[in-house]
Every structure is written in C-alpha cells, then in structure tokens.
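# Coordinate analysis (summary)
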Amino acid sequence: MTGPPPETTLPDSMPASTMHSASSRKGELMATITLEKVTKVYPNGVEAIHELDLDVADGEFMVLVGPSGCGKTTALRMVAGLEDITDGTLRIGERVVNDVSPKDRDIAMVFQNYALYPHMTVGKNIGFALKLRKLPKAEIKQKVDDTAELLGLTECIDRKPGQLSGGQRQRVAMGRAIVREPSAFLMDEPLSNLDAKLRVRMRAEVARIQRRLGVATLYVTHDQVEAMTMGDRVAVINDGVLQQCDSPQVLYDHPKNLFVAGFMGSPAMNFFEGAMGEDAGSVLVGSQRIALPATVHEAKPALRGYANRSLVVGIRPEDLPILRTDDVAADSGSAVFEGDVDLVEALGSELLVHFTSDARPVEVGGSRTDDAEGLNEGALARGGEGVARVDARAQLTAGRRVRFHLDPGRIHFFDAATGAAIAS
C-alpha cells in the first residue's frame, strides 16, 4: 500500500457499553466548567486573560474563538492545569481546582499535533492511559474496542500512526481522550493540521461524537466558520477580554460590538463611516443618503440619540443583493446603495463582488483578516472596498457601476467612539 488508507465513515450507532457509560456518567455528576473572574498575568507583566467569566454547562459544546494571540489557548491551558491562574476561581463540577494538578482534574485534552506514540498501534495508543491506571487487560480491551468502534477505527486498530491518514490520526487522539471517560473534554485546535476538505468533514464528526457522549467540552479555534458550525455557544475573545458569548446565530445577528460583528461572518461585515441626519430620519454614507423608516427606530430607539452625530454603519455582504429594476418606489422600505465593481470572485453557488464607493471604510482592530491563519473567502477586501454576496447568475464585470438593494432594517449601527452596537 502506498500512502495512508482512505477515510472511513463513523458508524450511525454507538456501542452499547459506550452509550451506557456516557449516559450513566451524565446522570451521576454535573460535569460543568466554571471560570469566575479568571485572570492570567505573566511574570513580565503581560496580562493574557482579564477577568474571564465563562460557564460550560453539562454536555455543552462551548467554542472559544478569536484571532491568534488573543488568549484563548491560555484560557484552555488554565482549565487543563498547564498554566497557573493568577487570580479568580476555576471549578470543574462543584470542585475548585485552582491548585489541583492536571492529572487529578478529571479532564482529557486533545492537542493540535495529536501527540501519538509512533511506535504503538492504534489500540495501544487509545488504551495507554488505562494501562497506566493498571486496569485489568480484559477491561482495557473492551473499552478500547468500544471506543474504536465509536470512532470508525476498528479496521485500523493494529496499525501504527504512520500508516494512518490525518483524519484517522485525529480520531485516535480523540479516542485516547474518550476512553478515559473524563468529566470534561478540552480541545486545542484539533483540526488545524488537516486539509480543507477533510477539516469540513471532521468538524461534523467531532460535533456528532461530542453530542453522543454528552460531556462538557471546551474547544479552541481561530476559525470562525468552525466555531459557528460546531458550538452550542461561542465565546469570542480579543486581547484577553471576553467580547460576547451566545449562540452562533445570536452572535451573527446581534453582535455587541464592532469586533464581534467583524470577526463573525465570512466574508466579514462591511463597515463604513456614517453621519446621522438632524431628525435621525436618514444616515449619510459617503455621498449616499439612506432613509431610515419608522420601523428601524422602533427596533433601535437609541438611534434617535445620534441625530447630527457620527456613527459606524455595518452591512452584511448577503444584505446587498443586486437591484434588478430601477423602480423601487413601490417599496417604501427600500433603499439603494451604489458602488463600482472592482473584482468578482465566482464561487459556483454565488459571487463575491468587491466594490468601491466614496464611503469611508472603518478598520476594526484585531480583525481576523489581519490574521494570516484566519484568512477566509472575501479576505481580499481592503481599504475603501466593500463586499457583496450575490446570485451566481448575476452578469457583472470589473468597472461596472452596480446598484444594490438595501433593507434599512438589516443595517447594523455602532457607536463611533466605543464600538458598541446601537441596539434596543
């Protein structure tokens, strides 16, 4: 055989003994992770995490997401006991574990580099921790076999890591964590070494396994798409500070500030400088005036306090469909936003249209598009450009003037000084 074998598919059913183990553990203890004002300051004075408050419920899949260097991995390592806590309280279940050694915290960690023993078979890698506990050989074999079946690794159980594909090695790393039946799983960017296609498939499998086992999981990634698709809730961190924690859809639809709005979503939200009119009945974006109907003020009454003031206007790329007719008068809630096409990216199912206008863009510090690891589709937008996500059948070429249909109710507004969302 040349190269690793093809990927296998996970079985639809969980082994009976594994299901019994997961359900019985879940009923016996509340496996929660609680961080209360947890802070990490290094000896050189650098504060990596500032007063982090976070609760991971029993069985919940919580994702920590943010740009490289934001402190998310440091937070995970404090939960694991690999980093000391400077201040605050950390609980796993009902037990305070600030000063408890990693091996006594009843957690299992899956690392980015898999950390497999190359000289051991799949079965021995999975069962190594059980062997250290000096469990009976028959019990170890049963647990290893059940775990291998759960992960679709039964056919590979006698192979060594060098004979496996990347996805299979990642499953072995997960199996080594699962077989220990911990109170909580910690995962540090476990899919980052996989190619793009396999990564998409594996994130679905990891989420499926976690839901079957029902164990509290804290998962770290810099990939916001990964965070959106996997997490029950997502905690967005920047510069060591928790920005917002909520369900993926709430983060996307109702970001609390400019950073969250710009980080969550691909392509990222467009930000432009805006100036509110005298009666707050319209907003000026560059030379284009957008009327704001009463429904906008009913939904966001705080906007009236921004009359004659500057603010930031945010527009999601998918909220800029191409206007197919010159007549928008029949729709009193309609608005038009114009731009000159600079670049068209054809993605098959849709087009990403990069356009320029005279609206002044707003740069958001710490944006994932400034992070080499976080580059994603739409990341070509820079400077005065905006990005629109439009129908793949639209006939567009560079240099053409294009008119977008804009629903004022879909516009996001942010305070120009603080970056906070202007909401209800």
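Residues numbered from 1 in each chain as written. Predicted model: local features only at pLDDT ≥ 70, side-chain atom pairs only at ≥ 80, totals over all residues. Heavy atoms only, no water.

### Some details on the overall build of the chain
As a reminder of what qualifies: Think of it this way: any DSSP run of H or I at least four residues long counts as a helix, any run of E at least two long counts as a strand, and we number them from the N terminus. Note on contacts: a residue pair qualifies if any of its non-hydrogen atoms lie within 4.5 Å across the two residues. Accessible surface area values rest on a Shrake-Rupley calculation with a 1.4 Å probe, where residue burial reflects the displayed protein chains alone.
The number of helices and strands found in the chain is ten helices and 19 strands. Taking as baseline every contact in the chain between residues at least 6 positions apart, the subset at least 24 positions apart corresponds to 72%. Accessible surface for the chain amounts to roughly 19,200 Å². Of this, 50% is attributable to carbon and sulfur atoms.

### Notes on the pairing of strand 19 (residues 412-415)
Put simply, the test is: Think of it in three bands: residues with accessible area under 20% of the maximum for their type are buried, residues over 50% are exposed, and the middle band is partly exposed, with areas taken using a 1.4 Å probe on protein chains only. A pair of strands is considered paired only if DSSP assigns at least 2 bridges between the two.
Residues of strand 19 alternate between two faces, with His 412 and Phe 414 on one and Phe 413 and Asp 415 on the opposite face, all of them buried. Looking at chain direction, strand 14 (residues 310-315) and strand 19 are connected through four bridges and run antiparallel. Paired with Leu 311 across the bridge in strand 19 is Asp 415.

### Examining the pattern of salt bridges
To keep it simple, the criterion reads: For this analysis, a salt bridge means a side-chain nitrogen from Lys or Arg found within 4 Å of a carboxyl oxygen belonging to Asp or Glu.
Inspection of every chain in the model, using the stated rule, returns 20 salt bridges. Its salt-bridge partner being Glu 226, residue Arg 199 comes within 2.8 Å of it at the nearest N-O pair. Here Arg 199, found in helix 6 (residues 196-213), pairs with Glu 226, found in helix 7 (residues 224-230); they are 27 residues apart in sequence, far enough to count as distant. Of the two residues, Arg 199 and Glu 226, neither departs from the other in class, the shared state being buried.

### Here's the deal with the sheet that holds strand 17 (residues 385-391)
Inclusion rule: Fitted lines through C-alpha atoms serve as axes, helices being fitted only where they are in contact, and the angles separating the N-to-C directions of these axes extend from 0 to 180 degrees.
Read from one edge to the other, the open sheet built from four strands follows the order 17-16-15-18, with strand pairing classed as antiparallel. The open sheet has two free edges, formed respectively by strand 17 and strand 18 (401-406), since each of these has just one partner strand. Averaged over all adjacent pairs, the angle separating strand axes in this sheet is 50 degrees, with direction ignored.

### Overview of helix 5 (residues 166-178)
To keep it simple, the criterion reads: Expected helix span is computed as 1.5 Å times (number of residues minus one).
Its 13 residues give helix 5 an end-to-end C-alpha distance of 18 Å, which sits within 8% of 18 Å, the value for a rise of 1.5 Å per residue. Of all 13 residues in helix 5, twelve are buried; the element is thus mostly enclosed. Every buried residue of helix 5 is listed here: Gly 166, Gly 167, Gln 168, Gln 170, Arg 171, Val 172, Ala 173, Met 174, Gly 175, Arg 176, Ala 177 and Ile 178. Packing partners of the buried residues in helix 5 comprise strand 6 (107-110), helix 3 (122-132), helix 4 (137-150), strand 7 (184-188) and helix 6.

### Some remarks on a positive patch on the surface
The test is simple: Residues enter a patch when their relative accessible area is above 30% and they make no salt bridge; the linking distance is 9 Å between like charges and 5 Å between nonpolar side chains (Val, Leu, Ile, Met, Phe, Trp, Tyr). For the charge count, each Lys or Arg is scored as positive and each Asp or Glu as negative, with His and the chain ends excluded. Here the site of a charge means atom NZ of a Lys, CZ of an Arg, CG of an Asp or CD of a Glu.
Taken together, Lys 124, Lys 131, Lys 137 and Lys 160 make up a surface patch of like positive charges. Position of Lys 131 relative to the elements: it lies in helix 3.

### Quick word on the confidence of the model for the chain
Filter applied, for reference: For every residue, the pLDDT score states the predictor's confidence, bounded by 0 at the bottom and 100 at the top.
Residue-level pLDDT values for the chain average 86, and 86% of them are 70 or greater. Mean pLDDT across the elements of the chain bottoms out in helix 1 (residues 16-28) (43) and peaks in strand 1 (residues 33-41) (98). When the criterion is pLDDT under 50, residues 1-28 qualifies, and its contacts beyond four places in sequence or with other chains add up to 53 contacts.

### What to know about unusual backbone geometry
The peptide bond linking Ser 266 to Pro 267 adopts the cis configuration, its omega dihedral lying at -5 degrees. Phi at Lys 37 takes a positive value of approximately 55 degrees, unusual for a residue other than glycine. You will see that Asp 239, though not glycine, has its phi angle at about 55 degrees, which is positive. By the secondary structure assignment, Asp 239 is in the loop between strand 9 (233-238) and strand 10 (241-246).

### Concerning the packing of helix 5 against helix 6
In plain terms, the rule: Each angle is binned into one of four classes, with values under 35 degrees roughly parallel, values over 145 roughly antiparallel, values of 65 to 115 roughly perpendicular, and all other values oblique. Note: crossing handedness is left-handed where the near helix turns anticlockwise from the far helix by less than a right angle, and right-handed where it turns clockwise. Each residue is assigned to one class: nonpolar for Ala, Val, Leu, Ile, Met, Phe, Trp, Tyr, Cys and Pro, charged for Asp, Glu, Lys and Arg, and polar for all the others, Gly among them.
Their axes nearest at 11 Å, the elements helix 5 and helix 6 cross at an angle of 20 degrees. Our classification of the angle between helix 5 and helix 6 gives roughly parallel. Considering only the axes of helix 5 and helix 6, their crossing is right-handed. Here Gly 166, Gly 167, Gln 170, Arg 171, Met 174 and Ile 178 of helix 5 lie close against helix 6, whose contacting residues are Leu 198, Met 202, Glu 205, Val 206, Ile 209 and Leu 213. Considered class by class, the residues forming the contact of helix 5 with helix 6 number seven nonpolar, three polar and two charged.

### Remarks on helix 6
The cut-off we apply is this: Any pair of nitrogen or oxygen atoms within 3.5 Å is treated as a polar contact; in protein, a donor-acceptor pairing is required on top of that, and neighbouring residues in sequence qualify only through side-chain atoms on both sides.
With 18 residues, helix 6 should cover 26 Å at 1.5 Å per step; its first-to-last C-alpha distance of 26 Å lies within 8% of that length. Three or more residues of helix 6 are buried, namely Leu 198, Arg 199, Met 202, Arg 203, Glu 205, Val 206, Ala 207, Ile 209, Gln 210 and Leu 213. Where helix 6 begins, the side chain of Asp 195 points an oxygen toward the backbone nitrogen of Lys 197, at a separation of 3.2 Å. Note on helix 6: the residue one or two positions beyond its end, Gly 214, has a positive phi of about 65 degrees.

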